[in-house]
Amino acid sequence: MIAVGSDHGGLELKKFIMKYLDEAKIEYKDLGTYTSGSVDYPVYGKRVVDAILSKECDKGILICGTGIGISIMANRYKGIRAALCSDCFSAEATRLHNDANVLALGGRVLGEELALKIVKTFLETPFSEDERHKRRVEMLENF
Ligand code: RB5
């Protein structure tokens, strides 16, 4: 189950991505925002964080205007590894190397089709399970 959240700056891209998730029959929870009015991105970042930390969802997608504020918010929490990606190489690498569990996107930065490729890459790439990457992820969590 994927938790999806955005502020107003990410709303349109969130809708586009949810359309793909519907078509691909990938289960998700839309945790808002639901309308175009101005809202505070930390609220929606926290909703996705909570859904993952409670194990209700195993991954998240967070979108704000740049993807920056909402990824900063998510990364304040132990157990969350949020990766702000603007290209597919990074989306693949952050799954392989960092076991990232949240993908952050900039709704005002990316075109829809590129964003969708990034989402697909992120969701389809498993963690490498290499010992060195496991050790480093463990260090992220417990240093
Ligand atoms: C909202 O105007 C904007 O600041 C927000 O979407 C995001 O880009 C913050 O990092």
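Scroll up a little and you will see the structure.
Parameters and conventions
Residues numbered from 1 in each chain as written. Predicted model: local features only at pLDDT ≥ 70, side-chain atom pairs only at ≥ 80, totals over all residues. Heavy atoms only, no water. Buried < 20%, exposed > 50% of the residue type's maximum accessible area, 1.4 Å probe, protein only. Helix = DSSP H or I, 4+ residues; strand = E, 2+ residues; numbered from the N terminus. Pairing = 2+ DSSP bridges. Axes fitted to C-alpha atoms, helices over the stretch in contact; angles between N-to-C directions. Parallel < 35°, antiparallel > 145°, perpendicular 65-115°, else oblique. Left-handed = near helix turned anticlockwise from the far one by under 90°. Contact = heavy atoms within 4.5 Å. Nonpolar A, V, L, I, M, F, W, Y, C, P; charged D, E, K, R; others polar. Phe/Tyr/Trp six-rings, centres within 6.5 Å; stacked < 30°, edge-to-face > 60°. Lys NZ or Arg CZ within 6 Å of the ring centre and 35° of its normal.

Draft legend 1. Seen up close, the pairing of strand E5 (residues 102-106). Counting buried positions along E5 gives five out of five residues, so the element sits mostly inside the fold. The alternating pattern of E5 places Val-102, Ala-104 and Gly-106 and Leu-103 and Leu-105 on opposite faces, both of which are buried. As judged from the three bridges shared by strand E4 (residues 82-84) and E5, these two strands associate in the parallel manner. Counterpart to Ala-83 in the pairing with E5 is Leu-103.

Draft legend 2. Representation of the packing of helix H4 (residues 88-98) against helix H5 (residues 112-124) in the model. Contact geometry of H4 with H5 gives a least axis separation of 8 Å together with a crossing angle of 20°. Between H4 and H5, the crossing angle belongs to the class labelled roughly parallel. The handedness of the crossing between H4 and H5 is right-handed. Mapping the contact onto sequence places Cys-88, Ala-91, Glu-92, Thr-94 and Arg-95 in H4 and Lys-117, Ile-118, Thr-121 and Phe-122 in H5. Partitioned by chemical class, the residues of the contact of H4 with H5 number four nonpolar, two polar and three charged.

Draft legend 3. Quick peek at the packing of aromatic side chains. Applying the stated criterion across every chain yields a total of zero aromatic pairs. The lysine or arginine in question, Arg-95, covers the ring of Phe-122, its NZ or CZ lying 5.9 Å from the ring centre.

Coordinates in, geometry out; function isn't part of it.
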